[in-house]
Amino acid sequence: MRIATAKTSYAADQALFDSRTQHVWLCLLALALIGFPFFANAYWLYLACLVAIHIISAMGLNLLTGYTGLVSLGQAAFMGLGAYTVAVLQTRFGLPFWITLPAAGVVAMLGGVLVGIPSLRVKGLYLAIVTIAASFIAHFLFANLSFTGGTAGLQVAPARALGIDLDTSFRIYWLIVPIMVLMLLGAANLFRTRIGRAFIAIRDRDISAEVLGIDLLRYKLLSFGLSSFYAGVAGGLWAYFFRVVTPESFPLILSIFYLAAIIVGGMGSVLGTILGAAFMAMVPEVLKLIVGWLPLGGDALSLLSPVRTIVFGALIVGFLIFEPHGLAEMWRRVRRFFHLWPFRT
């Protein structure tokens, strides 16, 4: 039988992990992340790195949409800003990753603040259209500016750490996954602060939040900036992971992918971000297997893209109708069931 204990201090009440069981699971998860690269093959290491990048970018979108209530379909564009920042700084100036990645986040953050300026006057569908317009503008700039390499894009040399080129999935795993963990912890801690609570107040009732003294423009721009910072860092890691950046690397469908990830996983939830990004990253891989099994001949690959778009849309609609709180709520229900089992009636 579990006995509730009263918190004896403010620090204990605000602790991110407040039970011994959580600490044990956290240690096991850390051991699993450390040991995974030594047992996984190249394919699973590739997927792990890709999922970690998706989690970072989806976490940024969840900060904006899930926690602040501002709809955005421009996450791919902000990732592109980060990726091109890394590519330009690395190819033209030879800067290391510990400079280029923060710079990627800052450049994307500035772009996000600029796009977020109309958020005080428009919301919902209209704000989504503004972010879509920003995506098309960004794509045009990526394809036509001279220093971005045009439609051919830019090649990116592997990141280097301690004199070692991070040129394999095994090596770059040790860069991508620790950054993912740090950014998730940062997001989880954010919502124990005044800033995070202001975001939630704006989402729940922005007029009431303004009456209570919350500066809507300041916090909306801050939310856009933080969301874009996450996307920029994810884009920078994308550049180092794939080693090439082109305008076609960040299409509108990628923004829809991240929106689907936070809806499927659960908006306003760090756990939902992780589950949703991992789930949605596996969907294209499963579709590849299914399409490969079908007797379609040479048309199989040409059908993959439209089928993937249809599946993303179906998942969004399905979860909004049948499980609006996403996979995170399903996981919480499973935990509650086993917490009471076998005494559950």
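The structure this text deals with has already been given above.
The notes below deal with the structure included here.

Calculation rules
Residues numbered from 1 in each chain as written. Predicted model: local features only at pLDDT ≥ 70, side-chain atom pairs only at ≥ 80, totals over all residues. Heavy atoms only, no water. Helix = DSSP H or I, 4+ residues; strand = E, 2+ residues; numbered from the N terminus. Buried < 20%, exposed > 50% of the residue type's maximum accessible area, 1.4 Å probe, protein only. Contact = heavy atoms within 4.5 Å. Areas by Shrake-Rupley, 256 points an atom, 1.4 Å probe, with all protein chains shown as cover. Core = buried A, V, L, I, M, F, W, Y, C linked by side-chain atoms within 4.5 Å. Axes fitted to C-alpha atoms, helices over the stretch in contact; angles between N-to-C directions. Parallel < 35°, antiparallel > 145°, perpendicular 65-115°, else oblique. Nonpolar A, V, L, I, M, F, W, Y, C, P; charged D, E, K, R; others polar. Salt bridge = Lys/Arg side-chain N within 4 Å of Asp/Glu carboxyl O. Expected span 1.5 Å × (residues − 1). Polar contact = N/O pair within 3.5 Å; in protein donor to acceptor, adjacent residues only side chain to side chain.

Glancing now at the overall build of the protein. From N to C terminus, the protein includes 14 helices and four strands. Burial status across the protein gives 45% buried among its 345 residues. Of the contacts made within the protein by residues no fewer than 6 positions apart, 76% connect residues no fewer than 24 positions apart. With the model as given, the accessible surface of the protein reaches about 18,400 Å², and the carbon-plus-sulfur share is 70%.

With that settled, the discussion passes to the side chain of threonine 65. Secondary-structure assignment places threonine 65 in helix H3 (residues 42-67). With residues up to four places along the chain from it excluded, the contact list for threonine 65 reads Leu70, Val71, Ser72, Ile262 and Met267.

The next thing to look at is the nonpolar core. Met79, Leu237 and Met280 are the most contacted members of the largest nonpolar core, which totals 92 residues. The greatest single-element share of this core, amounting to 14 residues, is contributed by H3. Residues in contact with leucine 237, not counting those within four places in the same chain, are Ile53, Ile56, Leu101, Leu175, Ile176 and Ile179.

All right, on to the packing of helix H8 (residues 194-204) against helix H10 (residues 216-242) then. Contact pair H8 / H10: the axes reach a minimum separation of 10 Å and the direction vectors enclose 105°. In terms of axis orientation, H8 runs roughly perpendicular to H10. Taken together, the residues of H10 that come into contact with H8 (itself represented by Arg194, Ile195, Ala198, Phe199 and Ile202) are Leu216, Tyr219, Lys220, Leu222, Ser223 and Leu226. When grouped by side-chain class, the residues that make up the contact of H8 with H10 number eight nonpolar, one polar and two charged.

A few words on the pattern of salt bridges. Side chains that carry opposite charge are capable of pairing whenever their charged atoms lie near each other. Within this structure, the stated rule accounts for five salt bridges. Linking aspartate 167 and arginine 171 is a salt bridge whose minimum nitrogen-to-oxygen distance equals 3.1 Å. Looking at aspartate 167, the relative accessible area reads 37%, which means it is partly exposed. Taking the relative accessible area as the measure of exposure, arginine 171 reaches 35% and is therefore partly exposed. Notably, a salt bridge pairs glutamate 323 with arginine 333, separated by 2.7 Å at the nearest N-O pair. One end of the pair, glutamate 323, is in the loop between helix H13 (300-322) and helix H14 (326-340); the other, arginine 333, is in helix H14, and 10 residues separate them in sequence. For glutamate 323, a relative accessible area of 10% puts it in the buried group. Under the relative-accessibility criterion, arginine 333 is labelled partly exposed at 40%.

Here the focus is the environment of arginine 218. With respect to the helices and strands, the residue arginine 218 is situated in helix H10. A relative accessible area of 54% means that arginine 218 is categorised as exposed. Taking C-alpha positions, arginine 218 is 10.0 Å from valine 113, a pair spaced 105 residues apart along the chain.

Even without being a glycine, leucine 162 presents a positive backbone phi close to 55°. In the Ramachandran plot, arginine 243 falls in the positive-phi region, its phi being about 65° despite a non-glycine side chain. If you trace the backbone, arginine 243 turns up in the loop between H10 and strand E4 (244-245). For arginine 243, a relative accessible area of 30% gives the class partly exposed.

Below, the discussion takes up helix H11 (residues 252-265). Taking 1.5 Å of rise per residue, 14 residues should cover 20 Å, and H11 covers 20 Å from first to last C-alpha, within 8% of that figure. Of all the 14 residues making up H11, 11 are buried; the element is thus mostly covered by neighbouring parts of the structure. The complete set of buried residues in H11 reads Leu254, Ser255, Phe257, Tyr258, Leu259, Ala260, Ala261, Ile262, Ile263, Val264 and Gly265. Glycine 266 sits one or two positions beyond H11 and adopts a positive phi of about 130°.

This part is about H3. Between the first and last C-alpha of H3 there are 36 Å, a value that for 26 residues agrees with the 38 Å anticipated at 1.5 Å per step. Taking burial as the measure, the 26 residues of H3 include 21 buried ones, the bulk of the element. By the N-cap criterion, in which a side-chain oxygen at the helix start approaches the backbone nitrogen of a residue two or three places on, H3 is capped by asparagine 41, the distance to tyrosine 43 being 3.2 Å. With its phi angle positive at about 80°, glycine 69 sits one or two positions after the end of H3.

The next point concerns the environment of alanine 159. Its place among the elements puts alanine 159 in the loop between strand E1 (154-155) and strand E2 (160-161). The spacing of alanine 159 and arginine 243 is 84 residues in sequence and 9.3 Å in space, taken between C-alpha atoms.

On to the side chain of aspartate 206. Considering the arrangement of structural elements, one finds aspartate 206 in helix H9 (residues 206-211). The class of aspartate 206 is buried, set by a relative accessible area of 15%.

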